[in-house]
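# Results of the structural survey
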Amino acid sequence: MKTRTTVLYDVPGPRARRRNLIYTAVFLLALAAVVWWVVQSLADKDQLAWEKWAPFFTDSRVWTTYVLPALQNTVIGAALAMVIALPLGALFGIARLSDHTWVRGAAGTVVEFFRAIPVLILMLFANAAYAEFTDVSPENRPLYAVVTGLVLYNSSVLAEVVRAGILALPAGQTDAAKAIGMRKGQTMAHVLLPQSVTAMLPALVSQLVVIVKDTALGGAMLGFSELLASVRPMSANYGANTIASFTVVAVIFVILNFLLTTFASWLEARLRRGKKTTGAVVGADTVEELAVPGEHPPGGDTDRT
């Protein structure tokens, strides 16, 4: 009996299918055993008892005193880092494509330097710098340090995302822009960047999710009152409900990141729909506006139809 094949893989025969079923059954049994052991261990330590979880459903003070203020700090820190890192990353990414060696070299040095340093170290250095050289109050210093570390690291990563997205476009896009008389800055702003945004969007969103999660590093090392840092005081004031507190915080992080990715998916779909009607044609009036002042696009009189 011949075994059917495809371009990518060989279709498993009867013996291989039996072996795969056995492997699957063994894995599921092992997974069930691990889950049972974890649940049983938590139950033995009373971490699954209702009184550990009840405050999140019956006591509003746990939300108004711990969770919501910490969530606000997380959102503020992440939002500030995103707002600063996105344009800064785009600027460095474009600079790395510059025709000028000194611009390209300087941008590449900055990007490679900060991308190679762990974000936690950047936060610690920023905190020490703010304490030594500025008048930032000790209460605000953790927020400043967290945002600074996130911006330095993530703008470097985003710069590589932007550069890769632009380089992924067909070379004919740049050639066509040159053919109608666009300068390089005009080509970048009106041709390359708008088309590369949708290609870059998944990677950009992934990095924004990383920013949201990395705010927790500030809580662990700098005393920043973010979401994860709220677990310790909650657990201390509500009967050592550590598992319940961690679970609630984890669910909130999941919701935050889900909202972020949902918005990005909506934006990507909207951008793709818009390209179907407006992104494929450059009219003669637009060409005249974008052309170098005093020059005309190749091909003679632009008034011809």
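Refer to the structure presented above.
An account of the accompanying structure is given in this report.

### Notes on the nonpolar core
Among the nonpolar cores identified, the biggest contains 38 residues, and Met82, Leu150, Ile211, Leu227 and Met234 are the most heavily contacted of them. Within the second largest apolar cluster, 14 residues are counted, among which are Val161, Ile166, Leu192 and Met200.

### Remarks on the packing of aromatic side chains
Applying the stated criterion across every chain yields a total of six aromatic pairs. Ring geometry for Phe113 against Phe114: centres 5.1 Å apart, planes inclined by 80°, an arrangement best described as edge-to-face.

### Structural notes on the side chain of Asn154
Note on placement: Asn154 falls in helix H7 (residues 141-167). Here the side chain of Asn154 touches Leu150 through a polar contact of 2.8 Å, landing on its backbone oxygen. Leaving out residues up to four positions away in the same chain, Asn154 has contacts with Ala85, Gln207, Val210 and Ile211.

### Observations regarding helix H9 (residues 184-221)
Between the first and last C-alpha of H9 there are merely 45 Å, a value that for 38 residues lags more than 12% behind the 56 Å anticipated at 1.5 Å per step. Within H9, the axis deviates most sharply at Met200, by approximately 55°, and proline Pro202 lies no more than four positions further along. Within two residues after H9, Gly223 carries a phi angle of roughly 75°, on the positive side.

### Notes on a positive patch on the surface
Judged by side-chain charge, Arg15, Arg17, Arg18 and Arg19 come together as a positively charged surface patch. Residue placement: Arg17 occurs in helix H1 (residues 14-44).

### Focus: helix H5 (residues 101-116)
Compared with an ideal rise of 1.5 Å per residue, which puts 16 residues at 22 Å, H5 spans 22 Å between its outermost C-alpha atoms and is within 8% of the ideal. Listed as buried for H5 are Ala107, Gly108, Val111 and Phe114. Angular distribution of buried residues about the axis of H5 spans 150°; they occupy a single face of the element. Pointing more than 90 degrees away from the buried face of H5 are the exposed residues Thr101, Trp102, Thr109 and Ala116. Buried-residue contacts for H5 involve helix H4 (61-95), helix H6 (119-133) and H7.

About the criteria used
- Residues numbered from 1 in each chain as written.
- Predicted model: local features only at pLDDT ≥ 70, side-chain atom pairs only at ≥ 80, totals over all residues.
- Heavy atoms only, no water.
- Core = buried A, V, L, I, M, F, W, Y, C linked by side-chain atoms within 4.5 Å.
- Buried < 20%, exposed > 50% of the residue type's maximum accessible area, 1.4 Å probe, protein only.
- Phe/Tyr/Trp six-rings, centres within 6.5 Å; stacked < 30°, edge-to-face > 60°.
- Helix = DSSP H or I, 4+ residues; strand = E, 2+ residues; numbered from the N terminus.
- Polar contact = N/O pair within 3.5 Å; in protein donor to acceptor, adjacent residues only side chain to side chain.
- Contact = heavy atoms within 4.5 Å.
- Expected span 1.5 Å × (residues − 1).
- Bend = angle between axes of the 7 residues up to and from the residue.
- Patch = residues over 30% accessible without salt bridge, like charges linked within 9 Å, V, L, I, M, F, W, Y side chains within 5 Å.
- Areas by Shrake-Rupley, 256 points an atom, 1.4 Å probe, with all protein chains shown as cover.
- Salt bridge = Lys/Arg side-chain N within 4 Å of Asp/Glu carboxyl O.
- Lys, Arg positive; Asp, Glu negative; His and termini not counted.
- Charge placed at Lys NZ, Arg CZ, Asp CG, Glu CD.
- Arc of directions from axis to C-beta.

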